[in-house]
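# Coordinates in review
Chain by chain, the residues run as shown.
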Amino acid sequence: MSRKYFGTDGVRGRVGEAPITPDFVLRLGYAAGEVLARRDAPARGRATVLIGKDTRISGYMLEAALEAGLSAAGVDVMLCGPMPTPAVAYLTRALRLSAGVVISASHNPYPDNGIKFFSAQGGKLADAVEAEIERAMDAPLGCRPAAELGRAKRIDDAAGRYIEFCKSTFPNALDLRGLRIVVDAAHGAGYHVAPPVFHELGADVVAIGVSPNGLNINDRAGATHPAALAEAVRSHRADIGIALDGDGDRLLMADAAGATYDGDQLLYVIAQDRLRHGGLRGVAGTLMTNLALERALGGLGVPFARAKVGDRYVLEMLEERGWDLGGENSGHILCLDKHTTGDAIVSALQVLAALRRSDRTLAEAAGALRLYPQKLVNVKVARGFDWQSDPSIAAARAAAESRLGSRGRLLLRPSGTEPVLRVMVEGEDAAEVEAVAAELAGVVERAARAAA
């Protein structure tokens with residue numbers, strides 16, 4: 001699909017700059033409403049869309065614009081206020097709505113924001129529907145007659161519904177009594193729902209990152225800034241730490257010593273548990289998944305496959321292969337037998353269930369997986385730089401692959417959001433990884449300058 005506005009995870013950018021402006025979001029809401037109204041009218045009458053958001057100050061403005069556009073198209077709107085992205089996916093499905101919309105830029109700082117859609121089933125909106133919405137945006141902005149305008153109302157019990165759903169994904173025979181858990185909500189959408197989930201399952205919860213002011217989302221807090229979690233775990237003598245990102249779909253955890261564990265390591269803990277209990281057919285990762293995880297799963301006889309980077313592509317691979325478990329080292333973990341999308345709270349509960357069932361600490365459960373050293377270098381390039389056709393890069397890449405052999409791997413990947421080419425090298429030997437990454441990045445940089 002050739003996308004004009006939608007990226008792999010909705011529409012995203014800096015607030016006040018195209019496309020994250022009130023007029024664009026108004027048009028987006030109207031176009032989405034027109035498409036959804038056409039699709040839903042024969043099946044269930046008036047379309048109804050749920051809007052949720054994270055805690056960015058720009059969310060108020062964008063929510064109002066989106067609501068106005070949908071209403072002008074004759075679509076009813078339900079508002080749940082600040083809620084994690086996976087909560088909107090769940091509520092859309094549970095309330096039998098036409099679609100869900102999240103206003104969030106995930107782990108990005110507060111000046112950014114974005115719009116992401118979910119289908120009626122709580123999954124990513126189909127490419128065909130996104131394409132139809134983009135085509136509809138080329139038409140003039142309209143408005144239904146007054147009697148046909150959509151209505152809006154707030155869902156007062158959204159947080160309670162989602163908390164109960166999260167708790168339902170934890171085994172009934174287990175609880176979290178006796179555990180002190182630090183929960184860092186990144187001053188984001190999970191600030192009022194994440195701590196109660198773990199508290200109501202019996203844990204002694206220390207909540208941090210739960211004071212959003214519109215400007216502090218992801219600011220030295222949450223899954224992308226693990227130092228705050230590690231320090232809080234140590235200072236409160238906690239047994240474990242859990243960090244979400246700003247919209248609640250990424251997970252990072254810490255053990256009692258403050259050592260942190262990424263998505264690959266947490267995926268390994270969940271996979272071991274499911275293998276022991278007969279519920280694991282395979283695991284999907286991405287091109288960035290650490291080679292150590294692939295080899296460790298292979299040693300356990302677990303099939304493993306790599307998708308393109310992005311939880312959207314992990315989800316597609318899981319659905320194609322009929323598997324339930326997958327994720328990214330960034331902390332997006334998908335447990336499709338529990339939820340339709342990545343959910344940090346639900347994923348954390350799967351890790352905690354695995355620890356409870358095995359009577360092990362996080363350090364013990366993840367200890368068998370020794371991640372290979374990995375080096376990522378972002379090389380600035382001009383937009384449209386054809387790095388794949390450059391002979392010097394091809395030669396350097398072949399030489400690097402020959403040098404690493406079976407001891408490691410490398411990946412060249414253009415960023416989808418900025419003009420850089422990402423050079424990733426990983427392997428058994430840290431010094432070799434650093435040297436190979438530096439040499440290859442240098443070749444790319446020289447080739448990019450020559451082509452400019």
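Look a little higher up for the structure.
Residues numbered from 1 in each chain as written. Predicted model: local features only at pLDDT ≥ 70, side-chain atom pairs only at ≥ 80, totals over all residues. Heavy atoms only, no water.

This brings us to the environment of Val 102. Tracing the chain through its elements places Val 102 in strand E4 (residues 99-103). Contacts of Val 102, omitting those with residues within four sequence positions, involve Gly 52, Thr 85, Val 88, Gly 114, Ile 115, Lys 116 and Phe 118. (Helix = DSSP H or I, 4+ residues; strand = E, 2+ residues; numbered from the N terminus. Contact = heavy atoms within 4.5 Å.)

Ordered by their spatial adjacency, 5 strands build an open sheet running E8-E7-E9-E10-E11, and the pairing between neighbours is mixed. Whereas interior strands pair on both sides, the edge strands pair on one side only; in this sheet they are strand E8 (204-208) and strand E11 (260-261). Both strand E7 (residues 180-184) and E8 contribute to a ladder of 5 bridges, which runs parallel. Paired with Ile 181 across the two strands is Val 205, which belongs to E8. (Pairing = 2+ DSSP bridges.)

Moving on, we get to unusual backbone geometry. The residue after Ala 18, namely Pro 19, is reached through a cis peptide bond having omega 10 degrees. In this structure, Pro 19 sits in the loop between strand E1 (11-14) and helix H1 (22-44). The phi dihedral of Ala 186 is positive, around 60 degrees, even though this residue is not glycine. Mapped onto the fold, Ala 186 is located in the loop between E7 and helix H6 (194-200). With phi around 55 degrees, Asp 359 is a residue other than glycine that occupies positive phi space. Along the chain, Asp 359 turns up in the loop between helix H11 (344-358) and helix H12 (362-366).

Relative orientation and spacing of two packed helices are given, respectively, by the angle between their axes and the distance between those axes. At a minimum axis distance of 10 Å, the contact between helix H3 (residues 85-94) and helix H5 (residues 158-168) shows a crossing angle of 95 degrees. Between H3 and H5, the interaxial angle falls into the category roughly perpendicular. Counting all contacts with H3, which are made through Pro 86, Ala 87, Tyr 90, Leu 91 and Arg 93, the residues of H5 involved are Ala 158, Arg 161, Tyr 162 and Phe 165. Here the residues of the contact of H3 with H5 sort into 7 nonpolar, no polar and 2 charged. (Axes fitted to C-alpha atoms, helices over the stretch in contact; angles between N-to-C directions. Parallel < 35°, antiparallel > 145°, perpendicular 65-115°, else oblique. Nonpolar A, V, L, I, M, F, W, Y, C, P; charged D, E, K, R; others polar.)

This paragraph deals with the side chain of Ser 106. You can see Ser 106 is positioned in the loop between E4 and strand E5 (112-118). A distance of 3.1 Å separates the side chain of Ser 106 from the side chain of Asp 245, its partner in a polar contact. Ignoring anything within four residues of it in the chain, the contact list for Ser 106 reads Arg 12, Asp 54, Arg 56, Asn 218, Asp 245, Gly 246, Asp 247 and Asp 249. (Polar contact = N/O pair within 3.5 Å; in protein donor to acceptor, adjacent residues only side chain to side chain.)

To continue, consider helix H14 (residues 430-451). An α-helical turn contains 3.6 residues, so any two residues separated by three or four positions project in the same direction. Between its first and last C-alpha atoms H14 spans 32 Å; for 22 residues at 1.5 Å apiece the expected length is 32 Å, and the two agree. For H14, the full list of buried residues reads Glu 432, Val 433, Val 436, Ala 437, Leu 440, Ala 441, Gly 442, Val 443, Val 444, Ala 447 and Ala 448. On the buried face of H14, the contacting elements are strand E16 (374-380), helix H13 (391-404), strand E17 (408-414) and strand E18 (420-427). (Expected span 1.5 Å × (residues − 1). Buried < 20%, exposed > 50% of the residue type's maximum accessible area, 1.4 Å probe, protein only.)

The next subject is the packing of aromatic side chains. Following the criterion strictly, the structure yields 4 aromatic pairs and no others. Relative to Phe 165, the ring of Tyr 90 has its centre 4.2 Å away and its plane inclined at 15 degrees; by these criteria the two rings are stacked. Of the two residues, Tyr 90 is situated in helix H3 and Phe 165 in helix H5; the sequence distance between them amounts to 75 residues. Classification of Tyr 90 as buried rests on a relative accessible area of 15%. Accessibility expressed as a relative area gives 9% for Phe 165, which makes it buried. In textbook terms, an aromatic cluster arises when at least three aromatic residues are bridged by ring pairs, as seen for Tyr 90, Tyr 162 and Phe 165. Across from the ring centre of Tyr 60, 4.0 Å away, lies the NZ or CZ of Lys 53, which sits over that ring. Lying across the ring of Tyr 313, Lys 308 places its NZ or CZ 4.3 Å from the centre. (Phe/Tyr/Trp six-rings, centres within 6.5 Å; stacked < 30°, edge-to-face > 60°. Lys NZ or Arg CZ within 6 Å of the ring centre and 35° of its normal.)

Right, let's talk about the pairing of strand E10 (residues 251-254) for a bit. Burial along E10 is two-sided: the face carrying Leu 251 and Met 253 and the face carrying Leu 252 and Ala 254 are both buried. Bridge analysis of strand E9 (residues 240-244) against E10 gives 4 bridges, and the strand direction is antiparallel. Residue pairing in the sheet places Gly 241 in a bridge with Ala 254 of E10. The antiparallel pairing of E9 with E10 creates a hairpin that spans 6 residues between the two strands, and Gly 248 there sits at a positive phi of about 80 degrees.

The subject of this paragraph is the sheet that holds strand E2 (residues 48-53). Spatially, E1-E5-E4-E2-E3-E6 is the arrangement adopted by the 6 strands of the open sheet, whose pairing is mixed. Single-partner strands in this sheet number two, and they are E1 and strand E6 (152-154). Neighbouring strand axes in the sheet, compared pairwise and without regard to direction, differ in orientation by 20 degrees on average. By the bridge criterion, 3 bridges tie strand E3 (residues 76-82) to E6 in an arrangement that is parallel. Its bridge partner lying in E6, Met 78 is registered against Lys 153. Against the sheet, helix H2 (residues 58-72) makes contact with E2, E3, E4, E5 and E6, and its axis sits at roughly 170 degrees relative to E2, the strand it touches most. Against the sheet, H3 makes contact with E2, E3, E4 and E5, and its axis sits at roughly 165 degrees relative to E4, the strand it touches most.

Summarising burial for H3: 8 of the 10 residues are buried, a large majority. Those residues of H3 that sit buried are Thr 85, Pro 86, Ala 87, Val 88, Ala 89, Tyr 90, Leu 91 and Thr 92. Where H3 ends, the next residue or the one after it, Arg 96, has phi of about 60 degrees, a positive value.

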